[in-house]
Amino acid sequence: MKILVCISHVPDTTSKINFVDDNKTFDNQGVQFVINPNDEFGLTRAMWFKEKQNATVDVINVGLSNTETTLRKALAIGADRAIRIDSEPLDGFFVAKQITNYINTNPYDLIIAGRESIDYNGGMVPGLIAGFSKINFVTNCTSLEIDNNQATIEREIDGGKEILNCNLPLIIGGQKGLVEESDLRIPNMRGIMQARQKPLDVVPCSNQDLRTNSIKFHKPEPRQEVKLVSSDEIDKLIDLLHNEAKVL
Amino acid sequence: MSVLAYIESTQGKIKKNAFEIVSYSSALAKKLNVDCHVLTFNTDDSSELKKYGADKIIKISNIELDNFDAKIIANVTAQVAKSINANCVVLSSSVNSRYMAPLLAVELDAGYLSNVVELPSNLNPFTVKRTSFTNKAFCDSTINSDLKLIGLSSNAYGIKENEGKGIEEDFNPILLEKSISVKSTEKVSGKISIADADIVVSGGRGLKGPENWNLIEDLAETLGAATACSKPVSDMGWRPHSEHVGQTGKPVATNLYIAIGISGAIQHLAGINSSKIKVVINNDPEAPFFKAADYGVVGDAFQVVPILNEKLKAFKAQNS
C-alpha cells in the first residue's frame, strides 16, 4: 500500500498571532513552526500502516524552502520520502490543484490530510483533491482500518459517529482519534540522522490558478474586563446573564 | 441570477441553524438584487422558511437521500444551483456541510471560503470577513470566481425575520451511484450536540475526576445545554474525544459558554472564542480564562456549581 500524507507547516498552537506589512502578512518572528496537528495524527496512523501492513509513506507539502524543516521532521518520525512543491501556498484551491497534479502522475492507494490546518482553517484541501481526482473521500475521520482493498472508517457527525466502508483509493481528512495524543512520536536521534539521508524531492509548481485572496488580517477587538461576581451572590450572575447579556 | 441556501433537516424537521443560513442568504440576495432560493431535502413542512426571506423553496423528496452521502448531495446541490443560475451558494458550518462544501466547489468551479462571519463588505471584488488562526484573527478575503460558495460560521449572523415570497417547487434530481456505504450510525440519544446547542457547559481538570461530572451534566440539563470538556480531560479519558473543544478539538460558537474548572490555555480559548458570552468558574483568580471571559466567579466549583444549578432551576421555573 502506498500512502501519501499531506503536511501543512503551521505556527505552533501556543503562538502569539501578529501581522506585519500593513496587516497583510503573518508575522513569523519568533514563531515556532510545526506539523499541523490534524496532519500529525494522520502521519502517526500512517506509521502504524507502515509497521504492521508494510505500507510505504510519502509526505507532501506545498511551500517554499522554509517548510523543509517540517518535512524533515516528518521523515524523522518515519516517513520514507518527502515531496515539496515549490511555491507559496496561495490558497486552498491552489494547494489542492498542486497536490492533485502530483498524484495524477504518481498514484497512491491512500491519501491522508488533516481535516483543516490550524492557521487558515479553510478545511477544504482534502475535499477539493477528492473532487478534482474523483477519489472516495471521508473527512472528520476518527478511526481508519484497511483490509486488502477495503477501508473501514469512523466519521464524527454532529452528535455522534458513523462507520463507513469503501474501496481504495481513498482520501481522508483526519483528526484526533485517528491515533491518541499519547501515540504521537517525538523523533529520536537515530530518526533525525536517518532523515538527513532520505530523499526530499523539490517539484516545480504547475500553474498559478487560484480562487480566493487573503487581503488583510485583523486581530479581535480587545475585550472588556471580566465582571466578577462573588461566589455568595450567584443570583447576581443569573440576573446579569438574563438582563444584561440576554442569554438566559 | 440568484442566491441558493443549502440547509439541513433531520427526520423531516428543519434544523435550527437553517434559519440563520436563510436570514443571511436573503440579506445577501437583497444586496445583489436577486431572489433567495432555499434547497430542502426530505423536509415535511418548509413553510416557516418564508418568514426568514425564502423567495423560492426548492423541495427534494427522495428516501435514498436520507443517509447523508457528501458526493451525491454535492452533485444534487450543483444540479439545483445550475438550474436556477445561482451566483452564490451559502451553507452552514455543520460537520456535513463542511464535508460537502469542497466537493460542491469543484462541481460548480466556485471559489469557496469557510468560517465567514459577515455579509460582503464589497461586491466587486467580492470581499467577506472570515475567522482564521482558529479564531485568534479575522481575515478579509476575496473570492474571484463567478460563482461563490460561502460557509457561514455558526451564530455569526443571527436569525433575522424578513418575509420572502415563499413559493414552493419540487425538484427531481438525478442521483450518482454510491461509492461509500454506511455500516452503522450511532447518535447519543437525548443529548444535545455541541454543534446544535445554544448553551455549552464545559468542565476541566479542576473537577478532579470523571466521577464528578454529574456537576456538569446536572447544570447542562437545567439549561438545556450540551456538555464539553478541555483537552487534558479528554486526553486522560475522563470524557470522550467528541466533547473536547479547543484548537485541535471542536470549535464552539454558542450564545453562552460556561467553563468550570478550566484554566484557559491559549489553545482552549482559541476554540471557544467565537462564543458570544463566556462565563468562568474557577478557584484560581489568576487563571487566564478570567482575561477572556465576560463574567467570572472566583470560587470552588464543588460549592458554586450546585448553588448555581438550584438557583437556575428556580429561575427557569419562574420564567417559563
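Just so it is clear, the structure is predicted and the values come from calculations on it, not from any experiment.

1. Considerations on the interface of chain B and chain A
In this complex, chain B contributes 71 residues to the contact, which on the side of chain A involves 60 residues. Looking at the side of chain B that touches chain A, the elements that each hand over two or more residues are α3 (95–108), β7 (111–116), β9 (126–132), β10 (137–143), β13 (180–187), α6 (266–272), β18 (295–298) and α8 (301–319) of chain B. The leading source of residues in the side of chain B that touches chain A is α3 of chain B, at ten residues. Tallied by class, the residues present in the side of chain B that touches chain A amount to 32 nonpolar, 27 polar and twelve charged. As paired strands, strand β15 (residues 227–229) of chain A and β18 of chain B are joined by three bridges and run parallel to one another. Bridge pairing links Leu228 of chain A to Gly296 of chain B in β18 of chain B.

2. Overview of the packing of helix α2 (residues 70–83) of chain B against α3 of chain B
Residues and elements named next belong to chain B. Between α2 and α3, the shortest axis-to-axis distance is 8 Å and the interhelical angle comes to 45°. In terms of orientation, α2 lies oblique with respect to α3. The element α2 and its partner α3 pack so that their crossing is right-handed. The residues of α3 that touch α2, namely those facing Ala70, Lys71, Ile73, Ala74, Asn75, Thr77, Ala78 and Ala81, are Tyr99, Met100, Leu103, Leu104, Glu107 and Leu108. In terms of residue class, the contact of α2 with α3 is built from ten nonpolar, two polar and two charged.

3. Brief notes about unusual backbone geometry
With an omega of -5°, the peptide bond running from Leu168 of chain A to Pro169 of chain A counts as cis. With respect to the helices, strands and loops of the structure, Pro169 of chain A is situated in the loop between β11 (160–167) and β12 (170–174). Looking along the chain, the bond that leaves Asn124 of chain B and enters Pro125 of chain B is cis, with omega of 0°. In the Ramachandran plot, Asp21 of chain A falls in the positive-phi region, its phi being about 55° despite a non-glycine side chain. Take Asp21 of chain A: it is sitting in the loop between β3 (19–20) and β4 (25–26). In this model, Thr134 of chain B sits at a positive phi of 45°, which is unusual for a non-glycine residue. Relative to the helices and strands, Thr134 of chain B is located in the loop between β9 and β10.

4. Details of the sheet that holds strand β16 (residues 256–260) of chain B
The strand order across the open sheet formed by six strands is β15(A)-β18(B)-β17(B)-β16(B)-β14(B)-β15(B), and the pairing between neighbours is parallel. One side of each edge strand has no neighbouring strand; the edge strands of this open sheet are β15 of chain A together with β15 (226–229) of chain B. Ignoring which end each strand starts from, the neighbouring axes of this sheet average 20° apart. In terms of strand pairing, strand β14 (residues 199–203) of chain B meets β16 of chain B through five bridges, oriented parallel. When the sheet's bridge partners are listed, Val200 of chain B is paired in β16 of chain B with Tyr257 of chain B. Docked against the sheet, helix α4 (residues 214–223) of chain B engages β14, β15 and β16 of chain B, running at close to 175° with respect to β14 of chain B. Contacts between α8 of chain B and the sheet are confined to β16, β17 (277–282) and β18 of chain B, with β17 of chain B contributing the most and set at about 135° to the helix.

5. Thoughts on the domain arrangement of chain B
Residue and element names in this part refer to chain B. Domain boundaries assigned for chain B yield domain 1 (2–170) and domain 2 (199–319). Taking only C-alpha atoms, the centre of domain 1 and the centre of domain 2 are 31 Å apart. The partner domain 2 presents nine residues to the seven residues of domain 1 that form the contact. Taken together, the residues of the side of domain 1 that touches domain 2 sort by class into no nonpolar, six polar and one charged.

Cut-offs used in this document
- Residues numbered from 1 in each chain as written.
- Chains lettered and ligands numbered in written order.
- Predicted model: local features only at pLDDT ≥ 70, side-chain atom pairs only at ≥ 80, totals over all residues.
- Contact = placed C-beta atoms within 7 Å.
- Helix = DSSP H or I, 4+ residues; strand = E, 2+ residues; numbered from the N terminus.
- Nonpolar A, V, L, I, M, F, W, Y, C, P; charged D, E, K, R; others polar.
- Pairing = 2+ DSSP bridges.
- Axes fitted to C-alpha atoms, helices over the stretch in contact; angles between N-to-C directions.
- Parallel < 35°, antiparallel > 145°, perpendicular 65-115°, else oblique.
- Left-handed = near helix turned anticlockwise from the far one by under 90°.
- Domains from an automatic or database assignment.

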